Amino acid sequence: MSLAVDRYELGPIGTNCYVVRTDRSADGAVVVDPGGDAAQLRLDLARDGARCAAILITHGHWDHLGAVADLAETSGAPVHMAADEAVLLEDVNAFTPPGVRVRPHRPDVLLHGDETLELAGITFETVRVPGHSPAHLAYHADGCLFSGDVLFAGSVGRTDLPGADWETLVDSIRTLADRFPPETVVYPGHGPKTALGAELARNPFLAELRA
């Protein structure tokens, strides 16, 4: 099975949101990190004949959460999120920059990593990958890895934020490299998609993994 993955750049800093379906004709969709622009996202889903069956959150930074409440309430889709970061959505405005307001929401399904989720006909594996945030999750399905802000094309997640740690981040990326094949397509939280093997071979921030 080859998944249909559509990318949207949403919210004030253009955070990647992904709409994932079994194929282009499927009516059920899983939405990963709806960071903003909920009304437009709903229109795009309706245009494609898709309904939001579930929402997956990689981590609790505000730019990945902007449309969660609106999308969840209008679609009835359950919100999946790391248990240890649930407060970042429940009390989100305690963590936003000045002038940014996000509607809080209580996640429906609390995750810890190493779960298997059956959503909209797709089997997702959850992987705990801390380092950019304390309980960051990645989601893998059918050769696609939704990496959030752990790994990007040519870069990695910031570690100058509260709860972040460089060595932990590198260990998390090592975990991904050990668990998934190099042809795995990486769909990051910002920027274009890439391949796991390409980043391990050329990403300047991962030189220690090549040593």
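Up top you'll find the structure we're talking about.
Residues numbered from 1 in each chain as written. Predicted model: local features only at pLDDT ≥ 70, side-chain atom pairs only at ≥ 80, totals over all residues. Heavy atoms only, no water.

## What to know about the overall build of the protein
Moving on, step 1. When helices and strands are tallied, the protein shows six helices and 14 strands.
Moving on, step 2. In terms of C-alpha radius of gyration, the protein reaches 16 Å, essentially the compact-globule figure of 17 Å for 211 residues.
Moving on, step 3. On the principal axes, the C-alpha backbone points of the protein span a range of 50 × 40 × 30 Å.
Moving on, step 4. Within the protein, contacts between residues at least 6 apart in sequence are counted, and of these 57% link residues at least 24 apart.
Moving on, step 5. Between the averaged position of the 16 positive side-chain charges in the protein and that of its 30 negative side-chain charges there is a distance of 4 Å. (Helix = DSSP H or I, 4+ residues; strand = E, 2+ residues; numbered from the N terminus. Rg over C-alpha atoms; globule rule 2.2 N^0.38 Å. Contact = heavy atoms within 4.5 Å. Lys, Arg positive; Asp, Glu negative; His and termini not counted. Charge placed at Lys NZ, Arg CZ, Asp CG, Glu CD.)

## Comments concerning the side chain of His 59
Moving on, step 1. Secondary-structure assignment places His 59 in the loop between strand 4 (51-56) and helix 2 (68-75).
Moving on, step 2. Only 3.3 Å separates the side chain of His 59 from the side chain of His 136, close enough to count as a polar contact.
Moving on, step 3. In this structure His 59 touches His 64, Leu 65, Glu 85, His 132, Ser 133, His 136 and Asp 149, once residues within four positions along its chain are discounted. (Polar contact = N/O pair within 3.5 Å; in protein donor to acceptor, adjacent residues only side chain to side chain.)

## Some words on the sheet that holds strand 10 (residues 144-148)
Moving on, step 1. What the six strands build is an open sheet, ordered 7-8-9-10-13-14; its pairing is mixed. In the strand order of this sheet, the two ends are held by strand 7 (116-119) and strand 14 (194-195), each with one partner.
Moving on, step 2. Two strands pair when backbone bridges link them, and strand 7 and strand 8 (residues 122-128) are joined in this way by four bridges, in the antiparallel orientation. Each residue of the ladder has a partner; that of Thr 116, found in strand 8, is Glu 125.
Moving on, step 3. Along the sheet, helix 4 (residues 166-179) contacts strand 8 and strand 10; its crossing angle with strand 8, the most-contacted strand, is approximately 140 degrees. (Pairing = 2+ DSSP bridges. Axes fitted to C-alpha atoms, helices over the stretch in contact; angles between N-to-C directions.)

## Overview of the nonpolar core
Most often, soluble globular proteins keep nonpolar side chains buried together rather than apart.
Moving on, step 1. Counting 23 residues, the largest nonpolar core has Val 31, Leu 41, Leu 45, Ile 55 and Ile 57 as its most contacted members.
Moving on, step 2. Secondary-structure elements contributing two or more residues to this core are strand 1 (4-10), strand 2 (15-21), strand 3 (28-32), helix 1 (38-47), strand 4, helix 2 and strand 5 (79-82).
Moving on, step 3. By residue number, the principal contributor to this core is helix 2, which donates three residues.
Moving on, step 4. Those residues in contact with Leu 41, other than ones at most four positions away along the chain, are Tyr 8, Leu 10, Cys 17, Val 19, Val 31, Pro 34 and Leu 71. (Core = buried A, V, L, I, M, F, W, Y, C linked by side-chain atoms within 4.5 Å. Buried < 20%, exposed > 50% of the residue type's maximum accessible area, 1.4 Å probe, protein only.)

## Structural notes on the pattern of salt bridges
Moving on, step 1. Summed over the entire model, instances satisfying the criterion amount to twelve salt bridges.
Moving on, step 2. The closest approach of N and O atoms between Arg 24 and Asp 6, which form a salt bridge, is 2.7 Å. On the criterion of sequence distance, the pair formed by Arg 24 in the loop between strand 2 and strand 3 and Asp 6 in strand 1 is long-range, its members being 18 residues apart.
Moving on, step 3. The class for Asp 6 is buried, based on a relative accessible area of 18%.
Moving on, step 4. Among the charged side chains, a network of salt bridges with common partners joins Asp 44, Arg 47 and Asp 48. (Salt bridge = Lys/Arg side-chain N within 4 Å of Asp/Glu carboxyl O.)

## Some remarks on helix 4
Moving on, step 1. The end-to-end C-alpha separation of helix 4 is 20 Å, in line with the 20 Å expected for 14 residues at 1.5 Å each.
Moving on, step 2. Taken as a whole, helix 4 has its buried residues at Leu 169, Val 170, Ser 172, Ile 173 and Leu 176. In a view along the axis of helix 4, the buried residues occupy a sector of 160 degrees, so they form one face of it.
Moving on, step 3. Those residues of helix 4 that are buried are in contact with strand 8, strand 10, strand 11 (151-152), strand 12 (155-156), helix 5 (196-202) and helix 6 (207-210).
Moving on, step 4. Where helix 4 begins, the capping side chain belongs to Asp 165, and its oxygen is found 3.4 Å from the backbone nitrogen of Glu 167. (Expected span 1.5 Å × (residues − 1). Arc of directions from axis to C-beta.)

Any functional reading would require information that these geometric values do not contain.
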